[in-house]
Amino acid sequence: MSPDPELSVSKPRRLWELLGDSGTLTIVCHDNPDPDCLASAVGLGTIAAAAGIDERHILYSGEISHQQNRALVNLLDIELEPFRPEMVRDRPPEDLLAFVDHSIPGENNRVPPETSIDVVIDHHPVEDISAQFVDNREAVGATATIMTEYIRALPIEPTPRVATALLFAIRRETLDFLRGVTRKEYEAAAYLHEYSETKMVRQLSTPAVSSATVDTIAHAIENRQVTGSVLISQVGRTSERDALPQAADYLMTLEGVETAIVFGLVENTIQISARSTDSRVHIGSVLDSAFDDVGSAGGHREMAGGTIELGIFSGYTTDDAQLMGIVDQVITARLLSALNIDGVGEADDG
């Protein structure tokens, strides 16, 4: 298929020229990369290969623990390398460093804060991005959508592997076109559908779920507290970080709930995942307001997350049950305050 003449080619062409003058491309995923980040990295790598870059690396930190993320990496054979600081420091000018689905060194990634970045392609609300090439569009529903636009505008046809990854990422990021979706997601999906493997998309959408994930979601259901249309729940300590957003998504289906926030202890951090369909609530701003002094939190109007180092609570107790009781009180109080809600609701017994 020839490039779409209706698409603006200015940014895709600028990226193409930048890549064409370079020798190596290192793409850094954000911590614990999700399908949107992973597929966008594959898409950017595809563009780089077509532009003439033979040496390409995709780096990640954290874990790939969500069953859909693992399936994406394994079924599509995505080559990933653990992040190493020496791979991004003191680079020659012809070696490019790119971020996809995140923007700032040191924020949700392990890149040293002073590191210079060459390419940033993202859809999260961020200010003061510094790079040679920046395309950050909060209004777009997925970074994979932007990457698909680039492929359409350039002399490239996606392989079934690349199209499948990008299509699945758009579906996952928008909850099958139900959350934060725009016209651009539908256009990108229609284009990718011609190239993707339908059977593989189905496989990626329904991977096996671990018992630990089910247990974590069960704890979120059991511990839920509802105040008006706001549901807050904690899952205690869990090894399944990616179960938190799954729990938040599930709890959003409860009748009367418009905002769901789930948090738990993961290693030495408190992880938070939030969802909202309340037009009065920008859940990314709520989390940022609640925790900007103790951690990193934020996101979109309908979807957000955060990380708080457990160190601020470590002096209280080493017993997980007691520690979670303290964490529950503090985190819940901060959330209710940021949401302008007085008091704590009763446990919802269904």
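Before reading further, recall that the structure is shown in the block above.
### Some points on the overall build of the protein
Then comes step 1: Across its full length, the protein carries 11 helices and 12 strands.
Then comes step 2: Over its C-alpha atoms the protein spans a radius of gyration of 20 Å, differing by no more than 12% from the 20 Å that the globule rule assigns to 350 residues.
Then comes step 3: With the principal axes as the frame, the protein shows a C-alpha extent of 60 × 40 × 35 Å.
Then comes step 4: When burial is assessed residue by residue, the protein has 54% of its 350 residues classed as buried.
Then comes step 5: Residue pairs in contact within the protein that sit at least 24 positions apart in sequence constitute 64% of those at least 6 positions apart.
Then comes step 6: Of the accessible surface of the protein, which amounts to about 15600 Å², a share of 47% is contributed by carbon and sulfur atoms.
Then comes step 7: Across the protein, 26 positive and 55 negative side-chain charges occur, with their mean positions spaced 4 Å apart.

### A short note on the side chain of Glu185
Then comes step 1: Residue placement: Glu185 occurs in helix 6 (residues 183–193).
Then comes step 2: Nearest to the buried, unbridged Glu185 among oppositely charged side chains is Arg137, at 8.2 Å.
Then comes step 3: Within polar-contact distance, the side chain of Glu185 engages the side chain of Thr182 at 2.5 Å.
Then comes step 4: Apart from the residues within four sequence positions on either side, Glu185 is in contact with Val140, Gly141, Ala142, Thr145, Ile170, Thr174, Phe177 and Gly180.

### Focus on the side chain of Asp242
Then comes step 1: By the element assignment, Asp242 lies in the loop between strand 8 (230–237) and helix 9 (243–251).
Then comes step 2: If we ignore the near neighbours within four places in the chain, the residues touching Asp242 are Ser65, His66 and Asn69.

### A word on helix 5 (residues 160–173)
Then comes step 1: Here helix 5 spans 20 Å end to end across 14 residues, near enough to the 20 Å set by a 1.5 Å rise per residue.
Then comes step 2: For helix 5, a buried count of 10 out of 14 residues is recorded, marking the element as mostly surrounded by other parts of the structure.
Then comes step 3: Of all the residues in helix 5, the buried ones are Val162, Ala163, Thr164, Ala165, Leu166, Leu167, Phe168, Ala169, Ile170 and Glu173.
Then comes step 4: Summarising the contacts, the buried residues of helix 5 are in contact with helix 2 (35–51), helix 3 (67–75), helix 4 (143–153), helix 6, helix 7 (198–205) and strand 12 (303–309).

### Thoughts on the pattern of salt bridges
Then comes step 1: Applying the stated criterion across every chain yields a total of 13 salt bridges.
Then comes step 2: Measuring nitrogen to oxygen at the nearest pair gives 2.9 Å for the salt bridge that ties Asp118 to Arg91. Pair noted here: Asp118 is in the loop between strand 4 (95–100) and strand 5 (119–122) and Arg91 is in the loop between strand 3 (81–82) and strand 4, with a separation of 27 residues, a long-range link.
Then comes step 3: Among the residues examined, Asp118 registers a relative accessible area of 8% and is labelled buried.
Then comes step 4: Here the salt bridges share partners, and the residues they tie into one network are Asp135, Arg137, Glu149 and Lys184.

What counts and what doesn't
Residues numbered from 1 in each chain as written. Predicted model: local features only at pLDDT ≥ 70, side-chain atom pairs only at ≥ 80, totals over all residues. Heavy atoms only, no water. Helix = DSSP H or I, 4+ residues; strand = E, 2+ residues; numbered from the N terminus. Rg over C-alpha atoms; globule rule 2.2 N^0.38 Å. Buried < 20%, exposed > 50% of the residue type's maximum accessible area, 1.4 Å probe, protein only. Contact = heavy atoms within 4.5 Å. Areas by Shrake-Rupley, 256 points an atom, 1.4 Å probe, with all protein chains shown as cover. Lys, Arg positive; Asp, Glu negative; His and termini not counted. Charge placed at Lys NZ, Arg CZ, Asp CG, Glu CD. Salt bridge = Lys/Arg side-chain N within 4 Å of Asp/Glu carboxyl O. Polar contact = N/O pair within 3.5 Å; in protein donor to acceptor, adjacent residues only side chain to side chain. Expected span 1.5 Å × (residues − 1).

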